[in-house]
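Listed below are the residues making up each chain.
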Amino acid sequence: MKKFLVLFCFITVGFGFAQTNSVEDNFTKKEVYIPMRDGTKLFTIIYTPKDISKSNKYPFIMNRTCYGISPYGETNFRKKLSPNKFIEKEKYIFVFQDVRGRYMSEGTFTNMTPQVDHKTKKDVDESTDTYDTIDWLVKNVQNNNGKVGQYGTSYPGFYTAVGTLSNHPALVASSPQAPISDFWFDDFHHNGAFLMSYFKTFPVFGINKTKPENSPGLPIK
């Protein structure tokens, strides 16, 4: 009986430890709106190591996405900040951003935003949004070391790929994983024929929202 009680207590304590959130224990969370050159503000979540000090300066790791950066709210924390647990232990400053027109960000969403000539402040695309975001981060987040890396898979891989065109001097690394590249001949269409398997994405990508919200968009009626 005593052995059973000891085992039960061990399992219970172990389960309790398993339920703790190491992200909340080791990082502070801040939600901000970062202004772009045309006045549009992009919703951004920043996780900063708690042991940050004058002697500890960290690089940024940034993920820009159209799929949402939940959980929203500064008291709600992710269970993990990176696909790689070892990167998280290195204590980077982790940055997540809703791209233009998605979820909590302002503006109008465009599928695979085309690159444009940057002649005026109204000429914006994903490369300018990446540049403006990086510029704000290095100037406004304390104790960063002035270096930014970005990553993304599939659609976020697209934002990573075109983000390299920003040519911001602080952007030192980009890792686009299997990025979408051609909606007409590869992704939504196959050699020009629409793929019915993508019909379920219409509520996500087919309707532009009218205000910031923490859901993907309106359902089809």
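All values reported here derive from a predicted model rather than from experimental measurement. (Residues numbered from 1 in each chain as written. Predicted model: local features only at pLDDT ≥ 70, side-chain atom pairs only at ≥ 80, totals over all residues. Heavy atoms only, no water.)

1. Quick notes on helix α4 (residues 126-140)
Residue pairs three or four apart in sequence face the same way in an α-helix, which turns once every 3.6 residues. Its 15 residues place the ends of α4 21 Å apart at the C-alpha level, agreeing with the 21 Å of an ideal helix rising 1.5 Å per residue. Listing the buried residues of α4 in full gives Glu-126, Ser-127, Thr-128, Asp-129, Thr-130, Asp-132, Thr-133, Ile-134 and Leu-137. (Helix = DSSP H or I, 4+ residues; strand = E, 2+ residues; numbered from the N terminus. Expected span 1.5 Å × (residues − 1). Buried < 20%, exposed > 50% of the residue type's maximum accessible area, 1.4 Å probe, protein only.)

2. A look at the pairing of strand β5 (residues 144-153)
Relative to β5, strand β3 (residues 58-65) runs parallel, the two being bridged by four bridges. Residue Phe-60 lies in a different strand from β5, and its bridge partner there is Val-148. Where β5 meets strand β6 (residues 171-177), six bridges bridge the pair, whose relative direction is parallel. Residue pairing for β6: Tyr-151 is matched across the bridge by Ser-175. In terms of handedness, the path from β5 via helix α5 (residues 155-163) over to β6 forms a crossover that is right-handed. (Pairing = 2+ DSSP bridges. Right-handed = clockwise from strand over helix to strand, strands pointing away.)

3. A closer look at the packing of α4 against α5
Where α4 contacts α5, the two axes come as close as 8 Å, and the packing angle between them is 80°. Between α4 and α5, the interaxial angle falls into the category roughly perpendicular. Residue-level inspection shows Glu-126, Ser-127 and Thr-130 of α4 in contact with α5, the latter providing Phe-158, Tyr-159, Val-162 and Gly-163. Class assignment of the residues belonging to the contact of α4 with α5 gives a composition of three nonpolar, three polar and one charged. (Axes fitted to C-alpha atoms, helices over the stretch in contact; angles between N-to-C directions. Parallel < 35°, antiparallel > 145°, perpendicular 65-115°, else oblique. Contact = heavy atoms within 4.5 Å. Nonpolar A, V, L, I, M, F, W, Y, C, P; charged D, E, K, R; others polar.)

4. Things to note about the packing of aromatic side chains
In total, this model carries 12 aromatic pairs according to the counting rule given. Look at Phe-109 and Tyr-155: their rings are 6.4 Å apart centre to centre, the planes differ by 55°, and that puts the pair in the tilted class. With Phe-109 in the loop between β4 (93-98) and α4 and Tyr-155 in helix α5, this residue pair connects regions lying 46 residues apart in the sequence. The same class applies to Phe-109 and to Tyr-155, which are both buried. With 6.0 Å between their ring centres and 75° between their planes, Tyr-155 and Phe-158 make a pair best called edge-to-face. (Phe/Tyr/Trp six-rings, centres within 6.5 Å; stacked < 30°, edge-to-face > 60°.)

5. Details of a nonpolar patch on the surface
A grouping of Phe-194, Met-196, Phe-199 and Phe-202 is seen on the molecular surface, where their side chains present a nonpolar patch of about 390 Å² in accessible area. Residue Phe-194 is classed as partly exposed on the basis of its relative accessible area of 30%. (Patch = residues over 30% accessible without salt bridge, like charges linked within 9 Å, V, L, I, M, F, W, Y side chains within 5 Å. Areas by Shrake-Rupley, 256 points an atom, 1.4 Å probe, with all protein chains shown as cover. Salt bridge = Lys/Arg side-chain N within 4 Å of Asp/Glu carboxyl O.)

6. Overview of the environment of Met-112
Structurally, Met-112 can be placed in the loop between β4 and α4. For the pair Met-112 and Ile-180, spaced 68 residues apart in sequence, the C-alpha separation works out to 8.4 Å. What Met-112 contacts, discounting residues up to four positions off in sequence, is Tyr-155, Phe-158, Ile-180, Ser-181, Asp-182 and Phe-183.

7. Re the side chain of Lys-29
For Lys-29, the position within the fold is in strand β1 (residues 27-35). We classify Lys-29 as buried; its relative accessible area is 9%. From its side chain, Lys-29 meets the backbone oxygen of Gly-73 in a polar contact 2.8 Å long. Within the structure, the side chain of Lys-29 is placed 2.4 Å from the backbone oxygen of Asn-76, a separation counted as a polar contact. When near neighbours in sequence (up to four residues on either side) are disregarded, Lys-29 contacts Ile-45, Ile-46, Tyr-47, Pro-71, Tyr-72, Gly-73, Glu-74, Asn-76 and Phe-77. (Polar contact = N/O pair within 3.5 Å; in protein donor to acceptor, adjacent residues only side chain to side chain.)

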